[in-house]
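Each chain, written out:
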Amino acid sequence: MCGIIGITSNKPVSSAIISSLRKLEYRGYDSAGIATLSNGAINEIKSEGRVDNLEKNPLIKNMLGSVGIGHVRWATHGMPNTINAHPHSSETVSVVHNGIIENSTTLKKYLINKGHKFKSQTDTEVIVHLITEYLKENDLKNSILKMLKQLHGSFALGIIIKDQPDLIVGARRGSPLAVGYGLNENYLGSDSYALKSMTNKISYLSDGEFCIIKKNQVDFFDEIGNKVNKKVLELSSTEENYDKGEFKHFMAKEIEEQPITLKNCVKEYIDNINNDINIHNFPWKLYEINSVTLIGCGSAYNSCLTAKYWFEELTTLDVSVDVASEFRYRINRFKKDTLYIFVSQSGETADTYAALDLCNKNKMKTACIVNVIESSIARDSNFILPIHCGPEIGVASTKAFLGQLFVLYIMALKLAFLKKNITKDNYILKIKDLKQLPKLIKETLLNENKVRSAANTFAKAKGSMFLGRGTSYPIALEGALKLKELSYTHAEGYPAGEMKHGPLALIENGMPVVVLAPRDKYYSKIISNMQEVIARGAKVLLITNKSKDEVVSENIWETIEVENINDDLIPFLLTIPIQKLAYYTALKKGHDIDKPRNLAKSVTVE
Ligand code: F6R
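Everything numeric in this text was worked out from a predicted model, so none of it was measured.

1. Quick notes on the site of the ligand
For step 1, the next point in the chain: Of all residues adjacent to the ligand, which total 15 residues, the nearest are S344, Q345, S346, T349 and E485.
For step 2, the next point in the chain: The contact in question runs from an oxygen atom of the ligand to an N or O atom on the backbone of V395, over 3.2 Å.
For step 3, the next point in the chain: Backbone polar atom of S397 to an oxygen atom of the ligand: 3.0 Å apart, as the coordinates give it.
For step 4, the next point in the chain: Protein chains shield 90% of the accessible area of the ligand, which is 410 Å² for the free molecule.
For step 5, the next point in the chain: Breaking the shell around the ligand down by element, the ones donating at least two residues are α9 (298-314) and α16 (472-487).
For step 6, the next point in the chain: For the shell around the ligand, the class distribution of residues is 6 nonpolar, 7 polar and 2 charged.
For step 7, the next point in the chain: A domain split of the shell around the ligand shows at least three residues from each of domain 2 (250-444) and domain 3 (449-589).

2. Details of the sheet that holds strand β25 (residues 512-516)
For step 1, the next point in the chain: Here 5 strands make up an open sheet; going across it, the order is β24-β23-β25-β26-β27 and the pairing parallel. Where the open sheet ends on each side, the last strands, each with one partner, are β24 (490-495) and β27 (558-562). The sheet shows a mean angle of 20° between the axes of neighbouring strands, taken without regard to direction.
For step 2, the next point in the chain: Examined bridge by bridge, strand β23 (residues 463-468) and β24 share 6 bridges and lie parallel to one another. Along β24, the bridge assignment pairs S464 with A491.

3. Thoughts on the pattern of salt bridges
A side chain of one charge can pair with a side chain of the opposite charge if their charged atoms are brought near each other.
For step 1, the next point in the chain: Under the defined criterion, the tally for this structure stands at 33 salt bridges.
For step 2, the next point in the chain: With a shortest N-O distance of 2.7 Å, R328 and D351 are connected by a salt bridge. Highlighted residues: R328 in the loop between α10 (324-327) and β20 (338-344) and D351 in helix α11 (residues 350-361), separated in sequence by 23 residues.
For step 3, the next point in the chain: One connected set of salt bridges, linked through shared partners, spans E256, E448, R452 and K580.

4. Quick look at the domain arrangement of the chain
For step 1, the next point in the chain: By domain assignment, the chain separates into domain 1 (3-234), domain 2 (250-444) and domain 3 (449-589).
For step 2, the next point in the chain: One C-alpha centre belongs to domain 1, the other to domain 3; they are set 46 Å apart.

5. Thoughts on the packing of helix α3 (residues 104-113) against helix α4 (residues 125-135)
A packed helix pair is summarised by two numbers, namely the angle formed by the two axes and the spacing between the axes.
For step 1, the next point in the chain: Direction vectors running N to C along α3 and α4 enclose 40°, while the axes themselves pass 10 Å from each other. Relative to α4, the element α3 lies oblique. In this structure, the crossing between α3 and α4 has a hand that is left-handed. For the pair α3 and α4, the contacting residues are S104, L107, K108, Y110 and L111 in the first and V126, H129 and L130 in the second.
For step 2, the next point in the chain: Looking at the contact of α3 with α4 residue by residue, the classes come out as 5 nonpolar, 2 polar and 1 charged.

6. Quick word on helix α18 (residues 570-589)
For step 1, the next point in the chain: The first and last C-alpha atoms of α18 sit 30 Å apart over 20 residues, in line with the 28 Å expected at 1.5 Å per residue.
For step 2, the next point in the chain: Burial runs high along α18: 17 of the 20 residues are buried.
For step 3, the next point in the chain: One or two steps after α18, the chain reaches G590, where phi turns positive at roughly 70°.

7. Description of the packing of helix α8 (residues 258-269) against helix α14 (residues 424-446)
For step 1, the next point in the chain: Two numbers describe how α8 lies on α14: the axes approach to 8 Å, and their chain directions differ by 175°. When the interaxial angle is binned, α8 and α14 end up roughly antiparallel. Contact with α8, carried on its side by Q258, P259, L262, K263 and V266, involves L434, K435, L437, P438, I441, K442 and L445 of α14 and no other residues of that element.
For step 2, the next point in the chain: Considered class by class, the residues forming the contact of α8 with α14 number 8 nonpolar, 1 polar and 3 charged.

How each quantity is defined
Residues numbered from 1 in each chain as written. Predicted model: local features only at pLDDT ≥ 70, side-chain atom pairs only at ≥ 80, totals over all residues. Heavy atoms only, no water. Near = heavy atom within 4 Å. Polar contact = N/O pair within 3.5 Å; in protein donor to acceptor, adjacent residues only side chain to side chain. Areas by Shrake-Rupley, 256 points an atom, 1.4 Å probe, with all protein chains shown as cover. Helix = DSSP H or I, 4+ residues; strand = E, 2+ residues; numbered from the N terminus. Nonpolar A, V, L, I, M, F, W, Y, C, P; charged D, E, K, R; others polar. Domains from an automatic or database assignment. Pairing = 2+ DSSP bridges. Axes fitted to C-alpha atoms, helices over the stretch in contact; angles between N-to-C directions. Salt bridge = Lys/Arg side-chain N within 4 Å of Asp/Glu carboxyl O. Parallel < 35°, antiparallel > 145°, perpendicular 65-115°, else oblique. Left-handed = near helix turned anticlockwise from the far one by under 90°. Contact = heavy atoms within 4.5 Å. Expected span 1.5 Å × (residues − 1). Buried < 20%, exposed > 50% of the residue type's maximum accessible area, 1.4 Å probe, protein only.

Spelled out as C-alpha cells, the structure:
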C-alpha cells in the first residue's frame, strides 16, 4: 500500500506528480502529498483524503521545482490526517515511504535525545531525521547507507535533499520500487503502472538496493554501496482501458466484463482444434510433482480454497491451501515434489510475495497466477500463468477472482489428464463445458432483479451469513468478504454443516442468510441445513442452479437460479449474484464502492 512517485527533470514537475498520484490512488487514499525543491528550499503541500483535495490547494498551481516526490497514503502508524500525510520533511530532507519501520520507537528515542523534533505520529519521520543527522558528517551515499543499516522492517523510499537539488534517492527492502527513463528526465515509482504514461523503459530495484536518480543518469548500488549494473526492460505498449464507460462504478463495469474475461481465458488456454488445454513451457516433468500448495490472500485465497476441491476431485495430487500471512511464518516442511502456486491479482501483495520469496530461497518449484504480468510476484516466480482480465480498478476483486478460478481449474484438469487420473473422453467433455462459461456468465448477469431487491434487506440488516458446502463453501466465504468490505456490516461465511456447532446461535428473527445450494452431491444436505436456519427465523436467499425439479422446501424468502453447467463449474456462476448483492447493498447505503473505507487495491505492507 501507499504509492510513491518521484520525478527529476529540466522543467516543473508538480503537475506530472499529481497526475501520477491519481494513477496510484488504488494503493491508498487516506491522504496525499507532494514536495519539490526550489529556490534552495523544500516546499511541501499535503492534504487529508483523496488526490482531488490536494489538487484543490491553491498553492499547488504555482508550485515550482524540477525535482519532486509525491505520495498517496494507506495509514499504518498514525491517523489518516494532514500532519501524518507524506512527504515528511526536515529543513534539509524530505521523504516518502511505503512499508513499516518496525524499530521506529527505538530510533525515535535516539533521535529525540540528539535534539530532533518530531511533528507526526508516523514511523516514517525517523528516516527524515536519521538522514538529516548523518548528512552533518557524511556525504550523501554514506548517509544513505548508514540510514538504511539502522532500519528494520520493509520499505520503499523516495528522498529529496535540499543541498542536492538535482537528484532523488530511491531505496527498497521488501516493498517494490521501479525506476523509469525519459528524455532529459527520469522517474521513481512504487510500480511500473505509475510510470507507464511517462515511459516504457523501466528498471526494478532488487531487495536491499538503492539508487541515485538525476535527470540524465541513474546509478544503482547494493546494500554495501557497490555499484550495480541494471537491465533496462521494455514494458508492453498495450493500450489498457481505465475508463468507467457507461457505468457508475468500476466495480459494476468489472462485474459485467466477466464474460469477456472468461472469453480471453478460453482463447489463451484452450486449444479449440485439438480440444486440449495449452500450458506452454511448463518447466517441470510430471513425475516431479506429487503435491500442490496454493497460497493467496483475501479473494485470491478464496479462489485457492475453491481449487482445493477441484484438485482433490480431479487429480490424485495432495493439495494444501494457505493464507500467505500464515504460511510465511510457519515451520514449513518444504518438499521437492510440491508445486507452490501463488495467486494474486496485483502480483504485489506483500505477504504473498514473502511466501514466494521463502519458497524461492528454499529452492522450491514456484508458479504464479497473476493479472499484472510486470509485477514482483510474476517476475520472481519460476513460471507465470496470467489471467488476462485487463486492469481491475475497483478495490473489491471481481473479474480477477473469476480469472483466477479459471486458471486454477485448467491447471487441475490438465494435471489430472496428464497424470491419467481422468479419461480422455471426460477431459474433452470438461473442456467443452469450459467453453460455455462466457455465454452462461452473460446470461446469469442478466438475471439481476431479485438480487437487486434483496439488497434492500441486506442494506438494513445488522449482519448476515453465507452458507455453502463443497465448492460453494469458498464462494460463501467470498460472498461474505465482498459484502463486509463494501457494506461495512458484519457478514460470515460458513460451511453449512458447521452451523450447529456454534454459529446457529447468531441466527435471529429476520436475519438475512444466503444459502448457496447448487444441485450437486451436497444438495439434499444443505437443504436440510437451510431448514435449520429458517426454523430459527432466518430470511433465506437461496441461490441454486436451474433445474426441471422444483426446490422442495418451504418458507424460503427468495430464490435465485443461475444457469446450468457441470458441477465443477457451478462456482463461476454462483459468484455472479453474490458480487451483485454486495454491489447493490453498498449502492443502497451510498458507500464509495470503488474505494471502500480503510482498504486499498494493492496490499504492499504485511
Ligand atoms: C477482496 C479483495 C482482496 C484481495 C487481496 C489480495 O475483494 O480484493 O481481498 O483479493 O487483497 O490481493 P491480490 O490478489 O492483489 O494479491
